[in-house]
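Close look at the chain arrangement
Letter by letter, the chains look like this.
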Amino acid sequence: MQHDDVIWDIIGNKQFCSFKVKTKSQNFCRNEFNITGLCNRSSCPLANSQYATIREEKGQCFLYMKVIERAAFPAKMWEKVKLSKNYEKALEQIDENLIYWPRFIRHKCKQRFTKITQYLIRMRKLVLKRQRKLVPLSRKVESREKRKEEKALIAAQLDNAIEKELLERLKQGTYGDIYNFPVHAFDRALEQQDQESESEEEEEEDDEDVGQREFVAEEEVEESDLSDFEDMNKLKTSSDEEEEETDEEEEEEEEEMEVQTKASGSKGKSPANGSAVRKKRAYVEIEYETEPVAKSRATS
Amino acid sequence: MDITEVPVSRDSAGKSKKNKKQKKKKSAEGAVEGKETEEKKTEKKMEKMEASFPPTFSVSEIKNKQRRHLMFMKLKQEKRKQKMQLKKKKKKEREALGDKAPPKEVPKTIENQRVYDETTVDPEDEEVAFDEGTDEFSAYFNGLTNPKVLITTSDRPRGRTMRFCEQLATVIPNSHVYYRRGLPLKRIIPQCVSRNFTYLMVINEDRQTPNGLVLCHLPDGPTAHFKVSSVRLRKEMKRRGKDPTEHSPEVILNNFSTRLGHTIGRLFAALFPQDPQFVGRQVATFHNQRDFIFFRFHRYIFKNEKRVGIQELGPRFTLKLRSLQKGTFDSKFGEYEWVLKRHEMDACRRKFQL
């Protein structure tokens, strides 16, 4: 004999029920056959002889009904009915199985079944979307890699490497004519090449100057002055960029520049040409005050 | 009397080294590490016994712990003294010889001792040159396509990752940051292709920091998956310059020596436009050292022709290649050209892949 009220009196109110979970506002029932999940007189599977639930297993829903005649064999107490996958048909199945049962249980069974089908649908949808794969990190490996990275960073000497690479690119000339340095490099290279013949050239130039000044005095002087001042300009621009070491070399090279073709010299001098022109005029104004000379200057 | 070799476990040897430094000579209580480690240490040096000990005598045979400890310390001191003497002698010889002294020995570094990789690229290798002329990047390197990069993240990015994306977008010209609204990559890729994007960059995030990067070259190019570490955003960097301008930066790729390294290097190179604007004086560096790729973004200025000053702008991060896949991103059915297999590849300290 199953005395529901007595059972409820004991486990529900007075004494201990192992399935009961108490919270501040409500009591829950952890029994797996409970239909609503709450601890109530009407929802308690232990305290109701006529009871039914819906449970799902691997995507299949079953209707479980309690057969109280087998209360002595708890393992065989619950009868299960497989519900169809079609939602409406399953509802009809529930109805026909619980035909004369209390309204409360029928209603709650259908509610539970609806909820279960909904979450099964959502699960199936999620599987089709992107799955997030969790990759476990091994602490040892991570710390080892971190250490290796630090050591690699120290060994890399990044700043030095970058600077070296940039300077190499500058030397190779990938930057073209943007910077003025290539001129100096060019001059220095040339100076190194022509070091042997320097002294000879100087002597020759003196001879030439001496010879030529008699015939084409002014122009020669102008040209030399011109080249002087172009070099001076170069010197000025270089000093802007803090290169005083090459000043002396510049002065040595002045004589060489006369011998060399203008084209080679003008390559790097193009930015400085403007200032050279200005310098020329200043020089002219100061020294040569005769108009014809100035005019020839302007035209040239 | 034969000396039996006791198998030495690495842990105990390591610990004993550490502990020995802390020990004092005559402290009996210092011998915490136990006689086992001492035995093992001394047995390693069995062959290098001094003349002070009888030849068949080993320190480990003394049963008394204190005395054994003392003898061992004496042994170590002797050895150290000998080493110092040798050093001094060498130094004297070197000074005495002056110019004729043999050149100083180059210290061994990991880079020096690197195991020779047979896939190292020879600069004049024709096969490599041919391959590179016909691979997926040839279109870029022949000047046919301009890079256009789409930067996105994993789902629900947090602040740091978004800031990182934005900063990356300023570094890479012609790049766009898009919010990933939970779209699967396989659906994003055809859309990108139809809009003429050349690169897809996905920054994966874990616990509010970026930790992974998927770089996918779009018209069915290779996909590389990197692990990202040590990300420094712009405001975390000391002594940094102003924000980068819109000029295309130059690219420096250092130390990509093997075939795999070459592929990855070209992958990075194709991110940036072919013609850098030198006016901007900005340079992006990908430096490979021991399989870690360090990314830096600098502004440079040539002070004179021998010195250049660089100032770091922009974010910095390190990458480590995890896998390289042939087609576009397809983790299930993709054909992997290279995958990091830790047990095989990390076993040797001196072997590197890139």
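Predicted model, so just to flag it, every value in this text is computed and none were measured.

Scoring rules and cut-offs
- Residues numbered from 1 in each chain as written.
- Chains lettered and ligands numbered in written order.
- Predicted model: local features only at pLDDT ≥ 70, side-chain atom pairs only at ≥ 80, totals over all residues.
- Heavy atoms only, no water.
- Pairing = 2+ DSSP bridges.
- Helix = DSSP H or I, 4+ residues; strand = E, 2+ residues; numbered from the N terminus.
- Axes fitted to C-alpha atoms, helices over the stretch in contact; angles between N-to-C directions.
- Contact = heavy atoms within 4.5 Å.
- Core = buried A, V, L, I, M, F, W, Y, C linked by side-chain atoms within 4.5 Å.
- Buried < 20%, exposed > 50% of the residue type's maximum accessible area, 1.4 Å probe, protein only.
- Buried area = accessible area lost by both parts, 1.4 Å probe.
- Polar contact = N/O pair within 3.5 Å; in protein donor to acceptor, adjacent residues only side chain to side chain.
- Nonpolar A, V, L, I, M, F, W, Y, C, P; charged D, E, K, R; others polar.
- 1 Å grid on protein atoms, 1.4 Å probe; cavity = no way out; pocket = protein on both sides within 12 Å on 5 of 7 lines; lining within 4 Å.
- Points joined across faces, edges and corners; volume = space filled by probe spheres on them.
- Salt bridge = Lys/Arg side-chain N within 4 Å of Asp/Glu carboxyl O.
- Phe/Tyr/Trp six-rings, centres within 6.5 Å; stacked < 30°, edge-to-face > 60°.
- Lys NZ or Arg CZ within 6 Å of the ring centre and 35° of its normal.
- pLDDT = per-residue confidence, 0-100.
- Patch = residues over 30% accessible without salt bridge, like charges linked within 9 Å, V, L, I, M, F, W, Y side chains within 5 Å.
- Areas by Shrake-Rupley, 256 points an atom, 1.4 Å probe, with all protein chains shown as cover.
- Lys, Arg positive; Asp, Glu negative; His and termini not counted.
- Charge placed at Lys NZ, Arg CZ, Asp CG, Glu CD.
- Parallel < 35°, antiparallel > 145°, perpendicular 65-115°, else oblique.
- Left-handed = near helix turned anticlockwise from the far one by under 90°.
- Expected span 1.5 Å × (residues − 1).
- Disulfide = S-S within 2.5 Å.

Details of the sheet that holds strand β3 (residues 52–57) of chain A
Residue and element names in this part refer to chain A. On the basis of which strands lie adjacent, the open sheet formed by three strands has the order β3-β4-β5 and antiparallel pairing. Taken across any chain shown, the strands that pair with only one partner, and hence form the sheet edges, are β3 and β5 (78–82). Here the average twist between neighbouring strands, direction ignored, is 30 degrees. Here strand β4 (residues 60–66) runs beside β5; their pairing, made up of five bridges, is antiparallel. Considered in β5, the bridge of phenylalanine 62 is made with lysine 82. Strands in contact with helix α2 (residues 87–97) are β3, β4 and β5; relative to β4, the strand with the most contacts, it is inclined by about 10 degrees. In this fold helix α3 (residues 103–128) packs onto β3 and β4, with an angle of close to 15 degrees to the strand it touches most, β3.

Description of the nonpolar core
If you look at the biggest cluster of nonpolar residues, it comprises 42 residues, and the most contacted ones within it are Phe226, Ile264, Phe268 and Ile293 of chain B. Not counting residues within four places of it along the chain, the set of residues in contact with isoleucine 264 of chain B comprises Phe226, Phe256, Ile293, Leu321, Leu324 and Leu354 of chain B. Formed by 23 residues, the second largest nonpolar core is a distinct cluster that contains Ile35, Ala90, Trp101 and Ile105 of chain A.

Details of the interface of chain A and chain B
Interface size is often expressed as the accessible area that is lost when the parts come together. Opposite the 32 residues of chain A that make contact, chain B presents 36 residues. Around 3200 Å² of area is buried between chain A and chain B when both sides are counted, 59% of it from carbon and sulfur atoms. Linking chain A with chain B are seven residue pairs in polar contact (both at pLDDT 80 or more), by the criterion used here. At the level of elements, α4 (139–156), α5 (158–172) and α6 (181–193) of chain A are the ones that each hand at least two residues to the side of chain A that touches chain B. Across the side of chain A that touches chain B, the residue classes tally to 16 nonpolar, two polar and 14 charged.

So, the layout of surface pockets
Within this model, the second largest pocket holds a volume of roughly 640 Å³. Arg144 and Lys148 of chain A together with Ile110, Asp346 and Arg349 of chain B are the residues nearest the centre of the second largest pocket, which is lined by 21 residues in total. Within the residue set of the lining of the second largest pocket, elements represented by two or more residues are α4 of chain A together with α9 (342–345) of chain B. Considering every element that reaches the lining of the second largest pocket, the biggest residue donor is α4 of chain A, with six residues.

Focus on the side chain of glutamine 325 of chain B
Residue and element names in this part refer to chain B. Residue position: glutamine 325 is located in strand β9 (residues 307–325). Judged by its relative accessible area of 3%, glutamine 325 is buried. A polar contact is formed between the side chain of glutamine 325 and the backbone oxygen of threonine 328, at a distance of 3.4 Å. If we ignore the near neighbours within four places in the chain, the residues touching glutamine 325 are Pro222, Thr223, Asp330, Gly334, Glu335, Tyr336 and Glu337.

Brief notes about the pattern of salt bridges
All chains considered together, the criterion is met by 16 salt bridges over all chains. Close ionic contact of aspartate 95 of chain A with lysine 110 of chain A constitutes a salt bridge, the shortest N to O distance being 3.1 Å. You can see aspartate 95 of chain A sitting in helix α2 and its partner lysine 110 of chain A sitting in helix α3, a full 15 residues away along the chain. For lysine 110 of chain A, a relative accessible area of 26% gives the class partly exposed. A salt bridge links arginine 169 of chain A to glutamate 250 of chain B, with the shortest nitrogen-to-oxygen separation between them at 3.3 Å. Placement of the pair is arginine 169 of chain A in helix α5 and glutamate 250 of chain B in strand β6 (residues 250–254), with the two residues belonging to separate chains. Taking relative accessible area as the criterion, glutamate 250 of chain B reaches 2% and is therefore assigned buried. Connected through shared salt-bridge partners, Glu142 and Glu145 of chain A together with Lys227 and Lys320 of chain B make up one network.

As for the packing of aromatic side chains
Throughout the structure, instances matching the rule amount to 16 aromatic pairs over all chains. Ring centres of phenylalanine 268 of chain B and phenylalanine 286 of chain B lie 4.2 Å apart, and the angle between their planes is 10 degrees; this geometry places the pair in the stacked category. Taken together, the positions of phenylalanine 268 of chain B in helix α8 (residues 259–269) and phenylalanine 286 of chain B in strand β7 (residues 282–289) put the pair 18 residues apart, joining distant regions of the chain. We note that phenylalanine 268 of chain B, like phenylalanine 286 of chain B, is buried. The cationic tip of arginine 55 of chain A hangs over the ring face of tyrosine 64 of chain A; the distance from NZ or CZ to the ring centre is 5.3 Å.

A short note on the confidence of the model for chain B
Residues and elements named next belong to chain B. The predicted model of chain B has a mean per-residue pLDDT of 82, with 85% of residues at 70 or higher. The low-confidence segment residues 9–34, where pLDDT is below 50, has 29 contacts with residues more than four positions distant or belonging to other chains. In this model residues 45–49 is a low-confidence stretch, pLDDT under 50, and it forms seven contacts with partners more than four residues away in sequence or in other chains. In the predicted assembly, ipTM is 0.73 and pTM is 0.62.

Points about a positive patch on the surface
Positive charge collects at one region of the surface, where Lys140, Arg144 and Lys148 of chain A together with Lys108, Arg342, Arg349 and Arg350 of chain B lie side by side. Relative to the helices and strands, arginine 350 of chain B resides in the segment after α9. A residue is classified by how much of its surface remains accessible, and arginine 350 of chain B, at 39% relative accessible area, is partly exposed.

Observations regarding the packing of α2 of chain A against α3 of chain A
All names here are of chain A. Their axes nearest at 10 Å, the elements α2 and α3 cross at an angle of 155 degrees. Put simply, α2 runs roughly antiparallel to α3. For the pair α2 and α3, the sense of crossing is right-handed. Contacts between α2 and α3 involve Tyr87, Ala90, Leu91, Ile94 and Asp95 from the first element and Arg106, Cys109, Lys110, Phe113, Thr114 and Thr117 from the second.

Side note on a negative patch on the surface
Together, Asp122, Glu124, Asp125, Glu126 and Glu127 of chain B make up a region of like negative charge exposed at the surface. Residue placement: glutamate 124 of chain B occurs in the loop between α3 (65–97) and α4 (126–134).

Concerning helix α6 (residues 159–171) of chain B
Taking 1.5 Å per residue, 13 residues should reach 18 Å; α6 of chain B reaches 19 Å between its end C-alpha atoms and fits that length. Thr161, Phe164, Cys165, Gln167, Leu168, Ala169 and Val171 of chain B are the residues of α6 of chain B that are buried.

Focus: the state of the cysteines
Residue and element names in this part refer to chain B. For the structure shown, the criterion picks out zero disulfides over all chains. The thiol of cysteine 216 is unpaired, and the distance to the nearest cysteine sulfur, on cysteine 192, comes to 8.7 Å. A relative accessible area of 1% places cysteine 216 in the buried class.

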